[in-house]
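Observations on the model geometry
Residue strings, one per chain:
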Amino acid sequence: MILYSKILGSGSPVLVLHGLFGNGDNWNFFARKYSNYYQIHLLDIRNHGKSPFSEKMSLDIMSEDILNYINYYKLQNPILLGHSIGGKIIMKFSVKFPYIPKKIIVVDISPIYHKNNNNKELISILKKVDFDIIKTRKDLDAFLKLYISDVRTRLFISKSTGKKENGKLYFKFFLFGIDNNYDDIIYEEIKKGTYNGPTIFIRGEYSRYLILEDYCNIKKIFPKAKISTIKKSNHCIHVENPIDFYKEINLFLKNKK
């Protein structure tokens, strides 16, 4: 399969991989900000957005998706950026094909698994959504509010819906495929292989997806890695503290090493 993407700008390629339940549109601001300097590829990962849906889903398979995409577009040594599960895919890809990425940017995810999210509970809630009854995003928010107090989570899920030609809402992700493969994707740890290229791990100050104690494990696999903590942010750093996040991105991209 060839993943769907939005491509903006020209220059050296930068591939951006979103997190679970999201799609490439989550990174539109990044694309607008950097498309004057780079060719930005906002990908929809397998089972998300406009990319093909499949019952098969693993870090190895999704790494192959990235390889197929790079070969299809004949991209030379792209920079890779991934947030959350997108970051895990990039880590897996980089140790499998270390000669391909020019640099990698991993946003708030560790190669080591941490029990720090309630996505399995979220999946159970999403299974209860009946779009024959829930007609609008307002209806969806009212339903989700029964189970989810966090406004940002509800808004994120709401933005991950679309409308069919008949006006009926649908999720822009393949919930069945995600659910069936969730444990394999989330619990897998990146322990083998080495990527020697420039690497940055960016973590949110309040997040538990990537903790400073992971640094030793990270350095074994990514010897040139640095970890940067963005103040006043949790998991969605690029949304919660974009000023400091993009300062860090700018420094890393401008560094010639």
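The sections below set out a description of the structure shown in this document.

1. Let's talk about the nonpolar core
Counting residues in hydrophobic clusters, the biggest one holds 57 residues, and the most contacted among them are Leu15, Phe21, Ile66, Leu126, Phe201 and Phe222. Residues contacting Phe21, with those up to four places away along its chain left out, are His48, Asn119, Leu122, Ile123, Leu126, Phe156, Ile157, Ser160, Phe173, Leu175 and Ile178. Judged by nonpolar contacts, the second largest core, of 22 residues, contains Val16, Ile40, Ile230 and Ile237.

2. Observations concerning the packing of helix α4 (residues 119-127) against helix α7 (residues 175-187)
One way to put it is that α4 packs onto α7 with a least axis distance of 11 Å and a crossing angle of 175°. As summarised for this structure, α4 and α7 are arranged roughly antiparallel, according to the angle between their axes. Here α4 contributes Asn119, Lys120, Ile123, Leu126 and Lys127 to the contact with α7, which in turn contributes Leu175, Ile178, Asp179, Tyr182, Asp183 and Tyr187. Looking at the contact of α4 with α7 residue by residue, the classes come out as six nonpolar, one polar and four charged.

3. Some details on unusual backbone geometry
A positive phi angle is found at Phe21, which is not glycine, with a value near 75°. Note on placement: Phe21 falls in the loop between β2 (13-17) and α1 (28-34). The exposure class assigned to Phe21 is buried, which follows from its relative accessible area of 2%. The backbone phi angle of Ser84 is positive, close to 60°, even though this residue is not glycine. Here Ser84 lies in the loop between β4 (79-83) and α3 (85-96). You can call Ser84 buried: its relative accessible area is 10%.

4. Quick look at the packing of helix α5 (residues 137-145) against helix α6 (residues 151-159)
Put simply, α5 and α6 touch, their axes get as near as 10 Å, and they point 140° apart. Here α5 is positioned oblique relative to α6, judged by the angle of their axes. Here the hand of the crossing between α5 and α6 comes out right-handed. Between α5, through Arg137, Leu140, Asp141, Leu144 and Lys145, and α6, the contact on the second element is made entirely by Arg154, Ile157, Ser158 and Lys159. By residue class, the composition of the contact of α5 with α6 is three nonpolar, one polar and five charged.

Basis of the calculations
Residue positions are given per chain, counting from 1 as you read along its sequence in written order. This being a predicted model, a pLDDT of at least 70 is required before a residue's local features are given, and a value of 80 or more before pairs of side-chain atoms are given or counted; all residues contribute to the totals for chains, interfaces and linings. Water and hydrogen atoms were dropped before computing side-chain values, which therefore reflect all heavy atoms in the structure. In this description, a nonpolar core means a group of buried Ala, Val, Leu, Ile, Met, Phe, Trp, Tyr and Cys residues linked to one another through side-chain atoms lying within 4.5 Å. Accessibility here uses a 1.4 Å probe with only protein chains present; expressed as a share of the type maximum, an area under 20% marks a residue as buried, one over 50% as exposed, and anything in between as partly exposed. Contacts between residues were defined by any pair of non-hydrogen atoms, one from each residue, lying within 4.5 Å. Note on geometry: axes are lines fitted to C-alpha atoms, helical ones only across the stretch in contact, with angles between N-to-C directions running from 0 to 180 degrees. A run of H or I in DSSP becomes a helix once it reaches four residues, and a run of E becomes a strand once it reaches two; helices and strands are each numbered from the N terminus. For classification, angles of less than 35 degrees are called roughly parallel, those exceeding 145 degrees roughly antiparallel, those between 65 and 115 degrees roughly perpendicular, and all remaining angles oblique. Under the scheme applied, nonpolar residues are Ala, Val, Leu, Ile, Met, Phe, Trp, Tyr, Cys and Pro; charged residues are Asp, Glu, Lys and Arg; polar residues are all the others, including Gly. The sense of a crossing depends on the near helix, which, turned anticlockwise from the far helix by less than a right angle, makes the crossing left-handed and, turned clockwise, makes it right-handed.

Everything listed is a geometric property; what it means functionally is a separate question.
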